[in-house]
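Take a look at the letters that make up each chain.
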Amino acid sequence: MVAGRSRRAFLGSAGAAAFASFLPGQSLAAEPSKGAGRQRGRALQPFGFVIHGGAGTIERSRMTPEREKAYRDKLSEALLAGFGVLNRGGGCLDAIVASITLMEDSPLFNAGKGAVFTSAGTNELDSSIMDGRTLKAGAAAGLKRVKNPILLARLVMEQSPHVMMTGEGAETFGAQKGVEMVDPRYFHTDERWQQLQRIKEAEKNPPSKKSRLEREAPPFNEHKFGTVGAVCLDRAGNLGAGTSTGGMTNKRFGRVGDSPIIGAGTYADNETCAVSCTGDGEYFIRSAVAHDISARMGYGGKSLEQAAAAALEKVGRIGGTGGLIAIDRRGNFAMPFNTSGMYRGWIGADGRPHVLIYKE
Ligand code: ASP
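Below is a summary of the structure that appears in this document. Everything quoted here is computed from the prediction, not taken from an experiment. (Residues numbered from 1 in each chain as written. Predicted model: local features only at pLDDT ≥ 70, side-chain atom pairs only at ≥ 80, totals over all residues. Heavy atoms only, no water.)

### What to know about the sheet that holds strand β4 (residues 164-166)
Quick note on the threshold: Should DSSP find at least two bridges between two strands, the strands are taken to pair. Per the convention used, a helix needs a DSSP run of H or I reaching at least four residues, while a strand needs a run of E reaching at least two, with both numbered from the N terminus. A fitted line through C-alpha atoms serves as each axis, taken over the contacting stretch for helices, and the angle formed by two N-to-C directions is quoted from 0 to 180°. Contact between two residues is taken to exist if any of their heavy atoms lie within 4.5 Å; hydrogens are not considered.
Strand order across the open sheet formed by 8 strands is β4-β3-β2-β6-β5-β1-β11-β12, with mixed pairing between neighbours. Edge strands, defined here as strands with exactly one partner in the open sheet, are β4 and β12 (354-358). Averaged over all pairs of adjacent strands, the angle between their axes in this sheet comes to 10°, without regard to strand direction. Relative to β12, helix α1 (residues 65-87) is tilted by about 140°, and along the sheet it contacts β1 (48-56), β5 (228-233), β11 (341-348) and β12.

So, in structure tokens, the structure goes:
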């Protein structure tokens, strides 16, 4: 079952400035926030920004109020960072980078500072970004020293002739371009380290021999938390998407997931939509999920909601779990997931951040 209904947003029926409430059936008419640059008698260009902070077994019963608040606060902050850029008339790529770097700097998410550990006890980070206007894209994989991998993905896109760079080569390029490098120990957090120890211990008694209930409980579900992503529609009508992750706990060193793969974890095309995925990367790669959604819309005439749901159903059919966020050029957005929760949120021209965690 796919949770997380899509919501129509960001644009009133006659193209007027909008975005107030996303509850289905409610009016979309709204006053833009102060400083939104509204001119009398003219409609604001609509804009919208949607983020995720990973999908997985995220249940109320296992969450302390303090921890839940920390996630809600950080997600709101990340939404407001994107909003700040868009509200000033900035473009999607700047908004995505502003928002994702904030989440990368937080230990709460499996990206940047809070990256999970590989089976070898190292941290290897992946990222990607795509511009829906030009179809330019940049990605970096297997990073061990780059503080903010999303910045490097953008540099690959904008300052190299390539789309994807990996490992040492990517880091050398980043260093030449002035990207901040850190000692690999920067990525050590006790929580992630303990997750690795628990999963290694549990591996001695492999999950295949356990009941489904046990397989879906900690520590086996703990690798599915915290990748971050953002999708955006800016005032100029352009779409963009970005994703950043530490991958999956206990991954073999050298393993690369869907997050830095253009068309799998990230995709943006002004003609259709912008998408960022999170979940079992291998399954998202095999289904080319992000591009699949764009193709279902472009070739199949499906709505964003239908295309996103169908693409995620396909992931589920082959055994994958996770979720995604997607937005189209009209400001419709979808946030489906087939796990118990997904950290997620959206913000539009009224500047009010909305954050959800569970199936709600
Ligand atoms: N998709 C990421 C990966 O496979 C992990 C995640 O989103 O949780 O690397």
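The rest of the description comes next.
### Brief notes about the site of the ligand
Quick reminder of the rule: Being near a molecule or strand, for a residue, means having at least one of its heavy atoms within 4 Å of it. Polar contact is the term for a pair of N or O atoms within 3.5 Å; when the atoms are in protein, one must be able to donate a hydrogen and the other to accept it, and sequence-neighboring residues count only if both atoms are side-chain atoms. With residues, only the protein chains shown are counted as cover, and all accessible areas are computed by Shrake-Rupley using a 1.4 Å probe. By the convention adopted, Pro, Cys, Tyr, Trp, Phe, Met, Ile, Leu, Val and Ala count as nonpolar, Lys, Arg, Asp and Glu as charged, and the other residues, Gly among them, as polar.
The ligand sits among Thr-227, Gly-247, Met-248, Arg-255, Gly-257, Asp-258, Ser-259, Thr-278, Gly-279 and Gly-281. In the model, an oxygen atom of the ligand is placed 2.7 Å from a nitrogen or oxygen of the Thr-278 side chain. Within the backbone of Gly-281, an N or O atom sits 3.0 Å from an oxygen atom of the ligand. Relative to its free-state accessible area of 270 Å², the ligand is covered by the protein chains to the extent of 100%. Classifying every residue of the shell around the ligand gives 1 nonpolar, 7 polar and 2 charged.

### A look at the state of the cysteines
Threshold: Disulfide: a pair of cysteine sulfur atoms within 2.5 Å of each other.
Considering all chains together, one arrives at 1 disulfide under this definition. In this model Cys-273 remains outside any disulfide bridge; the closest cysteine sulfur is found in Cys-277, 9.9 Å from its own.

### Here we look at the packing of aromatic side chains
Our working rule: Pairing of aromatic rings covers Phe, Tyr and Trp, the last counted by its six-membered ring, and requires centre-to-centre distances within 6.5 Å; plane angles under 30 degrees mean stacked, over 60 mean edge-to-face, and any other angle means tilted. Each residue is assigned to one of three classes by its accessible area relative to the maximum for its type, calculated with a 1.4 Å probe on protein chains only: buried under 20%, partly exposed between the two thresholds, exposed over 50%. Only Lys NZ and Arg CZ are tested; either one counts as a charge over a ring when it is within 6 Å of the ring centre and within 35 degrees of the ring normal.
Following the criterion strictly, the structure yields 6 aromatic pairs and no others. With 4.1 Å between their ring centres and 10° between their planes, Tyr-71 and Tyr-343 make a pair best called stacked. With a gap of 272 residues between them, Tyr-71 in helix α1 and Tyr-343 in strand β11 connect regions that are remote in the sequence. By the burial criterion, Tyr-71 is buried, and Tyr-343 matches it. Seen in terms of ring centroids, Phe-117 and Trp-193 are 5.0 Å apart; in terms of plane orientation they differ by 80°. Their pairing is edge-to-face. Of the two residues, Phe-117 is situated in the loop between α2 (92-104) and β2 (125-131) and Trp-193 in helix α5 (residues 190-203); the sequence distance between them amounts to 76 residues. Phe-117 gets classed as buried once you look at its relative accessible area, which sits at 2%. On the accessibility criterion, Trp-193 (30% relative accessible area) is partly exposed. One aromatic cluster is present, formed by Tyr-71, Phe-109 and Tyr-343 through successive ring pairs. A cation over an aromatic ring shows up here: Lys-113 above the ring of Tyr-186, its NZ or CZ 4.7 Å from the ring centre.

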